[in-house]
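Topology and contacts: notes
Spelled out, the chains give:
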Amino acid sequence: MGKIIAVFNQKGGVGKTTTTVNLSACLAIKGRKILIADMDPQGNATSGFGIDRASVENSLYSILMDSSVNPEDILINTDIPSLDILPSNADLSGAEVELVNMKNRNFYLKNAISRFRDSYDYIFIDCPPTLGLLSLNALCAADSVLIPIQCEYYALEGVNDLLNTINLVKSSLNKSLTIQGIVLSMYDGRTNLSIQVVEEVKKYFKDKVYGSIIPRNIRLAEAPSFGLPVPLYDARSKGTAAYMDLADEFLETEEL
């Protein structure tokens, strides 16, 4: 049975979608069957695989809000044979409002994607950078939460709120929810600040922090504009090497 992992941080610009896209791509290249559920109305995970959001007729919004839509019908294959995506489009921004008055409003995503568990090894949910109903749906659907944190001055800002949210969901809505791990991103080893942030995050989260750290890398930043995950854009870049290392570490932890 596949594992569902929400990639979440309510703070924007921390490398959340970059991690979703590139970790998923690396795991698929290493032979795992991967599904991405793009739960962010901005749809950056969708466009990160070269899919034009404007051309997507049925998105995650369709299976959240219309029970007549078959979830398998909105699946899109990517250029990596073992990686598929449930895409986002502009309609998804309306789901936040529409879900407010719905019964069992926190479990629509869980009901929609649970059927895919037997078809994939890992299902990654790319969450919006908010603590709204879309994120709550992701946390209720997930087995664990992967948290990207950037190596910058405000790295730990909002982390307490994030952990409080996870604990609240765990206590009242999803008792099996755990923290998958912490991914440190945007690391610049030339600065004392990045080094200090790594030390602080490790002190805070201890053994939950992955040893593989994602550096600041031009090729990593360029790849989304070409609609490609970095392993397909530049297989020899430092960004690719970092995410391949993270994928190895992830699998070592998961598949002992």
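Our structure's up above, just so we're on the same page.
Residues numbered from 1 in each chain as written. Predicted model: local features only at pLDDT ≥ 70, side-chain atom pairs only at ≥ 80, totals over all residues. Heavy atoms only, no water.

1. A few points about the overall build of the chain
In terms of helices and strands, the chain carries eleven helices and seven strands. Relative to the compact-globule value of 18 Å for 256 residues, the chain shows a C-alpha radius of gyration of 17 Å, a close match. Over its C-alpha atoms, taken along the principal directions, the chain stretches across nearly 55 × 40 × 35 Å. Taken across its 256 residues, the chain has 54% of its residues classed as buried. Sequence separation of 24 or more characterises 79% of the internal contacts of the chain that already satisfy a separation of 6 or more. In the structure as shown, the chain presents an accessible area of about 11400 Å², 49% of it carried by carbon and sulfur atoms. The distance from the centre of the 23 positive side-chain charges to the centre of the 31 negative ones in the chain is 6 Å. (Helix = DSSP H or I, 4+ residues; strand = E, 2+ residues; numbered from the N terminus. Rg over C-alpha atoms; globule rule 2.2 N^0.38 Å. Buried < 20%, exposed > 50% of the residue type's maximum accessible area, 1.4 Å probe, protein only. Contact = heavy atoms within 4.5 Å. Areas by Shrake-Rupley, 256 points an atom, 1.4 Å probe, with all protein chains shown as cover. Lys, Arg positive; Asp, Glu negative; His and termini not counted. Charge placed at Lys NZ, Arg CZ, Asp CG, Glu CD.)

2. A word on the pattern of salt bridges
Where side chains of opposite charge bring their charged atoms close, a pairing between them can arise. Summed over the entire model, instances satisfying the criterion amount to 13 salt bridges. The closest approach of N and O atoms between Lys30 and Asp248, which form a salt bridge, is 2.9 Å. One end of the pair, Lys30, is in the loop between α1 (16-29) and β2 (34-38); the other, Asp248, is in helix α11 (residues 238-254), with 218 residues separating them in the sequence. Its relative accessible area of 29% is what places Lys30 among the partly exposed residues. The residue Arg117 makes a salt bridge to Asp143 at a minimum N-O spacing of 3.0 Å. With Arg117 in the loop between α5 (108-113) and β5 (122-126) and Asp143 in the loop between α6 (133-141) and β6 (144-150), this pair connects stretches of sequence that are 26 residues apart. One network of salt bridges, with partners in common, ties together Lys16, Asp40 and Asp126. (Salt bridge = Lys/Arg side-chain N within 4 Å of Asp/Glu carboxyl O.)

Note that all results are geometric; they support no functional claim without further evidence.
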